[in-house]
Amino acid sequence: MDESIGHLPIDHIVILTGAGISAESGIKTFRDHNGLWENHPIEKVASPQGFVENPELVQNFYNLRRLQLKDVEPNKAHQAIADFQKDSKSKVTIITQNVDDLHERAGSENIIHIHGELRKIRHLETGEIKYFEGKIEKYNQSLWRPHIVWFGEQILNSYEIREALNSATLFLSIGTSGQVYPAAGFVNQLHSLGIPCIELNQEKTSDLFEHSFLGDATASVPTFFSQLRHQ
Ligand code: OAD
């Protein structure tokens, strides 16, 4: 990262993360070449209709993603955020579109999962949510579903998200293509309020970001937070 970040208001940093931050841990993104949506049609594996039509296919898709979490670890980008959270006086809120638990395992706190969590399942009748690391087997696939937001469903934790955005002094967007709303609209909202917005990604996704630091998250995120500590 050659560009200096200047002096940024860091009282409350709101960080939006997407699949790109977990890519170097070995979890596939959705829209990159060979991404998840290229090989698994969204409407079949990530919609309520798809679940009704073929529950086994949908459960297997998420069973595999859930089991994969046992083989992956947080990377330097997750770690840099968690370390900054521990050491800094700033309030840091992470709003993640990711359904993995790599922010948690890196030691981060104050994490809002907007699209659900692979390691939680939800009872279809009672709505009970419980922690779960295994496979939903065929015999109970009509009772439990992944605690994941499918297309057409409401995002989770919208009150907490609104609260966080209302008090943000700096907005960072890391590893997201900005294709899925409402998360894709956070930059519009905050930019229009004059809040500095910065992205760290492999590609530039919007002109509304004051800086776009392009490159791999495991390189750019630790460098960025190191600069923030010394600003
Ligand atoms: P995408 O797959 O749409 O975008 C991933 C972004 O990360 C792209 O902009 C890549 O350029 C970037 N990227 C890839 N590897 C990277 C790396 N090593 N370092 C930095 N950036 C990298 O994923 P999301 O934006 O997270 O929703 O997708 C948003 C939502 O769409 C997901 O939460 C999911 C999906 O449909 C649901 O399933 C509800």
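As a reminder, the structure under discussion sits directly above these lines.
Everything numeric in this text was worked out from a predicted model, so none of it was measured.

Asks: I would appreciate a short explanation of the site of the ligand in the present structure.
Replies: Inspection of the region around the ligand gives 24 residues, with Phe30, Arg31, Thr176, Ser177 and Glu203 positioned closest. Judged by its atoms lying within 2 Å of the grid points, the ligand is housed in the largest pocket. With three residues, helix H1 (residues 19–23) is the single largest residue contributor to the shell around the ligand. Its residues placed into classes, the shell around the ligand shows eight nonpolar, eleven polar and five charged.

Asks: Is there a simple way to think about the packing of helix H6 (residues 76–87) against helix H10 (residues 217–229) in this case?
Replies: When two helices pack together, their arrangement is given by the angle between their axes and by how far apart the axes lie. It is the contact of H6 with H10, at a shortest axis distance of 7 Å, that shows an interaxial angle of 20°. Taken as axis vectors, H6 and H10 run roughly parallel relative to one another. Judged by the sense of rotation from one axis to the other, the crossing of H6 with H10 is left-handed. Contact residues: Lys76, Ala77, Ala80, Ile81, Asp83, Phe84 and Asp87 in H6; Ala217, Thr218, Val221, Pro222, Phe225, Leu228 and Arg229 in H10.

Asks: Is there a simple way to explain H10 in this structure?
Replies: What sets the pattern is the α-helix's 3.6 residues per turn: residues three or four places apart point alike. Between its first and last C-alpha atoms H10 spans 18 Å; for 13 residues at 1.5 Å apiece the expected length is 18 Å, and the two agree. Every buried residue of H10 is accounted for by Ala217, Ser220, Val221, Phe224, Phe225 and Leu228. Taken around the axis of H10, the buried residues stretch over an arc of 120°, which confines them to a single face. Buried residues in H10 make contact with strand S1 (12–17), H1, H6, strand S7 (170–174), strand S8 (197–201) and strand S9 (211–214).

Asks: Even after reading the chapter, I still don't get the pattern of salt bridges, so can you show me in this structure?
Replies: Opposite charge on two side chains lets them pair, provided their charged atoms get close. Going through the model one piece at a time under the given rule, you end up with eight salt bridges. Across the pair glutamate 117 and lysine 120 runs a salt bridge whose closest N-O atoms are separated by 3.0 Å. Relative accessible area serves as the criterion here: at 17%, glutamate 117 is assigned to the buried category. Residue arginine 119 is joined to glutamate 133 by a salt bridge in which the shortest nitrogen-to-oxygen separation is 3.9 Å. Placement of the pair is arginine 119 in strand S4 (residues 116–123) and glutamate 133 in the loop between strand S5 (129–131) and strand S6 (144–148), with a sequence separation of 14 residues. Sharing partners across several salt bridges, the network here consists of Asp101, Arg105, Arg119 and Glu133.

Asks: I tried to follow the sheet that holds S7 on my own but got confused; where do I start?
Replies: Within a sheet, neighbouring strands are paired by backbone hydrogen bonds and run either parallel or antiparallel to one another. Read across the open sheet, the six strands follow the order S3-S2-S1-S7-S8-S9; overall the sheet is parallel. Strand pairing shows two members of the sheet lacking a second neighbour, strand S3 (111–113) and S9, which therefore form its edges. Averaged over all neighbouring strand pairs, the angle between strand axes comes to 15°, with direction disregarded. In terms of strand pairing, S7 meets S8 through four bridges, oriented parallel. Residue pairing across strands places leucine 172 opposite isoleucine 198, the latter belonging to S8. Docked against the sheet, H6 engages S1, strand S2 (91–96) and S7, running at close to 150° with respect to S2.

The rules behind the values
All residue numbers here refer to positions counted from 1 along the written sequence of the relevant chain. Per-residue local features are limited, in this predicted model, to residues with pLDDT of at least 70; the limit for side-chain atom pairs, both in listing and counting, is 80 or more; totals at the level of whole chains, interfaces and linings are taken over all residues. Hydrogen atoms and water are omitted, and side-chain values are computed over all heavy atoms in the structure. It suffices for a single heavy atom of a residue to lie within 4 Å of a molecule or strand for the residue to be listed as near it. Only protein atoms enter the 1 Å grid used here. Points where a 1.4 Å probe fits but cannot escape make up a cavity, open sets with protein on both sides within 12 Å along at least five of seven lines make up a pocket, and a residue lines them when an atom lies within 4 Å of a point. Occupancy of a cavity or pocket is assigned to a molecule whenever over half of its atoms lie within 2 Å of that pocket's grid points. To qualify as a helix, a DSSP run of H or I must reach at least 4 residues; to qualify as a strand, a run of E must reach at least 2; elements of each kind are numbered from the N terminus. Note on residue classes: Ala, Val, Leu, Ile, Met, Phe, Trp, Tyr, Cys and Pro are nonpolar, Asp, Glu, Lys and Arg are charged, and everything else, Gly too, is polar. Every angle, taken between N-to-C directions, lies between 0 and 180 degrees, and every axis is a line fitted to C-alpha atoms, over only the stretch in contact when it is a helix. Angles below 35 degrees are treated as roughly parallel, those above 145 as roughly antiparallel, those between 65 and 115 as roughly perpendicular, and all remaining angles as oblique. Handedness of a helix crossing follows the sense of rotation of the near helix relative to the far helix, less than a right angle counterclockwise being left-handed and clockwise being right-handed. We call two residues in contact whenever any of their non-hydrogen atoms come within 4.5 Å of each other. Helix span is expected to be 1.5 Å times the residue number reduced by one. The buried label applies to any residue whose accessible area, calculated with a 1.4 Å probe on protein chains only, is under 20% of its type's maximum; exposed applies above 50%, and partly exposed to all values in between. By definition, the arc is the one covered by directions from the helix axis to the C-beta atoms. By salt bridge we mean one thing: a side-chain nitrogen of Lys or Arg within 4 Å of a carboxyl oxygen of Asp or Glu. We call two strands paired when DSSP finds no fewer than two bridges between them.

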